[in-house]
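# Descriptive structure summary
In case you want the letters, here they are:
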Amino acid sequence: MESVFSEIFSFRVPGGEVFMQRRFELSPDWAGGLKSLPIVSDRSTSDTLFVLPADAVLLFRAGALTLPAGGTYSVQFHGSGKYFDTPAEALAYMAERWPVPFSLWRQKLDAGENVLQQSQRRAAAFAEGFPGLAAFNEALASQIGA
């Protein structure tokens, strides 16, 4: 199965950026294949396939994406990933591995700041790779009644 990731959030650490992502798989029953979906390859991460969170929800509801049996949450740093079955496990790992940056991120979250933003390089990859995203989302949402 082809894995597709949706970035949940990221935060800066010494030496780079840490990403928490949700992993999906392309449904074998989806007739259109990857070319029919708003999924882009991010060249800065070895051509890993990404989908925006809102699109992941629509595609999951439409049956194009499925959840793998395990390891659906991923923590990525410099191209290396560690997989977890629950978000709590992923967050605990991040708090242990990067305690100070994670604590600062958590303080912003607790203060009500919007910390669930995608990285700038991911936004650029979507702008370049799928310019018709808004029209696609409207069409898909109307088809599945979202």
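In this report, we go over the structure that sits alongside the text. Keep in mind that what you see is a predicted model, and the values were worked out from it rather than measured.

To continue, consider the pairing of strand β6 (residues 73-77). Within β6, five of the five residues are buried, which leaves the element mostly enclosed by the surrounding structure. The side-chain alternation of β6 yields two buried faces, one formed by Y73, V75 and F77 and the other by S74 and Q76. Sheet topology note: the strand β2 (residues 16-26)/β6 ladder contains five bridges and is antiparallel. If you follow M20 over to β6, its bridge partner there is V75. Where β6 folds back onto strand β7 (residues 80-84) in an antiparallel hairpin, the turn is made up of two residues, including H78, whose phi is positive at roughly 55 degrees.

With 12 residues, helix α3 (residues 99-110) should cover 16 Å at 1.5 Å per step; its first-to-last C-alpha distance of 16 Å lies within 8% of that length. The complete set of buried residues in α3 reads P101, F102 and W105. Considered in projection along α3, the buried side chains sweep an arc of 95 degrees and stay on one side of the axis. Away from the buried face of α3 by more than 90 degrees, exposed residues V100 and D110 are located. Among the structural elements, β1 (3-13) and α2 (87-97) are those in contact with the buried residues of α3. Residue G112 follows α3 closely and has a positive phi angle near 90 degrees.

Moving on: the pattern of salt bridges. In total, this model carries three salt bridges according to the counting rule given. The shortest N-O distance in the salt bridge between E17 and R12 comes to 3.9 Å. Relative accessible area serves as the criterion here: at 58%, R12 is assigned to the exposed category. One salt bridge in this structure joins R106 and D110, with 3.1 Å as the shortest N-O distance. Here the residue R106 and the residue D110 both occupy positions in helix α3, the gap between them amounting to four residues, near one helical turn.

Right, let's talk about the side chain of S74 for a bit. Position of S74 among the secondary structure elements: in strand β6. Side-chain polar atoms of S74 contact the side chain of Q76, separated by 2.6 Å. Look past the residues within four positions of S74 in its chain and what remains in contact with it is F5, F19, M20, Q21, K82 and Y83.

Turning to the nonpolar core, a few remarks are in order. Counting residues in each nonpolar core, the largest one holds 15 residues, and the members touching the most others are F11, V18, V75, M94 and W98. When neighbours within four sequence positions are excluded, M94 is seen to be in contact with F9, F11, V18, M20, V75, P99 and F102. Formed by 11 residues, the second largest nonpolar core is a distinct cluster that contains I39, L49, V51 and L65.

Definitions and cut-offs
Residues numbered from 1 in each chain as written. Predicted model: local features only at pLDDT ≥ 70, side-chain atom pairs only at ≥ 80, totals over all residues. Heavy atoms only, no water. Buried < 20%, exposed > 50% of the residue type's maximum accessible area, 1.4 Å probe, protein only. Helix = DSSP H or I, 4+ residues; strand = E, 2+ residues; numbered from the N terminus. Pairing = 2+ DSSP bridges. Expected span 1.5 Å × (residues − 1). Arc of directions from axis to C-beta. Contact = heavy atoms within 4.5 Å. Salt bridge = Lys/Arg side-chain N within 4 Å of Asp/Glu carboxyl O. Polar contact = N/O pair within 3.5 Å; in protein donor to acceptor, adjacent residues only side chain to side chain. Core = buried A, V, L, I, M, F, W, Y, C linked by side-chain atoms within 4.5 Å.

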